[in-house]
Amino acid sequence: MEKPLLYLVFEHLDTDLKKFINCYRKGPDAGPLPPPLIQNFMYQLCKGIEYCHGHGVLHRDLKPYNLLLDKEKGILKIADLGLGRAYIVPMKHYTHEILTLWYRAPEILLGAKHYSCSVDMWSVGCIFAEMERREALFKGDSELQQLLCIFGLLGTPTEEQWPGVTSLKDWHEYPQWKPRSLVHAVPSLEPEGVDLLSKMLQLDPGKRISAKEALDHPYFATLDKSQF
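Calculation rules
- Residues numbered from 1 in each chain as written.
- Predicted model: local features only at pLDDT ≥ 70, side-chain atom pairs only at ≥ 80, totals over all residues.
- Heavy atoms only, no water.
- Helix = DSSP H or I, 4+ residues; strand = E, 2+ residues; numbered from the N terminus.
- Rg over C-alpha atoms; globule rule 2.2 N^0.38 Å.
- Buried < 20%, exposed > 50% of the residue type's maximum accessible area, 1.4 Å probe, protein only.
- Contact = heavy atoms within 4.5 Å.
- Areas by Shrake-Rupley, 256 points an atom, 1.4 Å probe, with all protein chains shown as cover.
- Pairing = 2+ DSSP bridges.
- Phe/Tyr/Trp six-rings, centres within 6.5 Å; stacked < 30°, edge-to-face > 60°.

Caption draft 1: The overall build of the protein, seen in detail. Helix and strand counts for the protein stand at seven helices and five strands. Taking 228 residues into account, the globule formula puts the C-alpha radius of gyration at 17 Å, and the protein, at 18 Å, falls close to it. Taking the principal axes of its C-alpha atoms as reference, the protein extends roughly 55 × 50 × 35 Å. Taken over 228 residues, the protein has a buried fraction of 49%. Intrachain contacts of the protein at a sequence separation of at least 6 include 67% that bridge at least 24 residues. Counting every atom, the protein has about 12100 Å² of accessible surface; 56% of that belongs to carbon and sulfur.

Caption draft 2: Structural detail: the pairing of strand 4 (residues 75–78). By the bridge criterion, four bridges tie strand 3 (residues 67–70) to strand 4 in an arrangement that is antiparallel. Looking at the pairing, Leu 69 lines up with Leu 76 of strand 4. Count of turn residues in the strand 3/strand 4 antiparallel hairpin: four residues, of which Gly 74 carries a positive phi of about 70 degrees.

Caption draft 3: Structural view of the packing of aromatic side chains. Using the criterion set out here, one finds eight aromatic pairs in the structure. Judged by centre distance (5.1 Å) and plane angle (75 degrees), the rings of Tyr 43 and Phe 220 are edge-to-face. Taken together, the residues Tyr 43 in helix 2 (residues 35–54) and Phe 220 in the segment after helix 7 (211–215) connect sequence positions 177 residues apart. Grouping residues by exposure puts Tyr 43 and Phe 220 together as buried.

Remember, this is a structural readout, not a statement about activity or role.
Below, the structure written as C-alpha cells:
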C-alpha cells in the first residue's frame, strides 16, 4: 500500500518585497519607493509580527525575500516560517545559525544563546531601511564583517550601553567607533520614521522596540488603519 501524500496549497502572489524593491532600483520605474507605500508595508509587517509574537512564535528569518506582495491590493504577507519556532519564558538555548546575514541581529552575531522577539525586530528595522534606501543597510560578507558594518554606523557597544555584551561568546576587541546619525543612512526618511528605525536598531536587545509598541509609534499616525 502506498504511503499517503501530503499536499500544501498556497495562494499565488505576484512577487516578493526584494523583487519589488529592485524594480525601483533600475528600469523605467527607478526612483524612491513612495513614502505612503513604505508606511503601509511597515504597518502590515509589524502587525503580522505582533501576531506571531503574541502567539509565542519567533520567525527568525525575516528578510525581503520572505515577504510576499499582492501588488494590486497592496497587501504584504509574511512567508517561510521554516526557521520559526515557539518560544517560552525563560528563553531556551537556540542555534545562532539563523537569519540571512544582512538581517541578523548583533546578539546572534556575537554568539548569544538566549534571545527572543527582539531578533525579529532587528530584521524589521533592516527591512525598513532597505525600502528607504533601495539597498541593504548592512552588507557584510562574513559574520565579522557584518558586525563591523553595524558598529561602524551605530557605534561600538560598551558595557555601560549594553550590559553583558563583552561576556558574549564571540565578543572580541573591536575598533571603537562612535555612533553616527541614522539620517545619513536614510536621508529621505522623515523624522518620525528615523525615530522608529532607531528604536528597532538598538544594539542592546533589551532596549529594542516591540512589534506591539511599534504599531503605536507616531510614524503611523497619518496611516488609515481601518483598512487593516
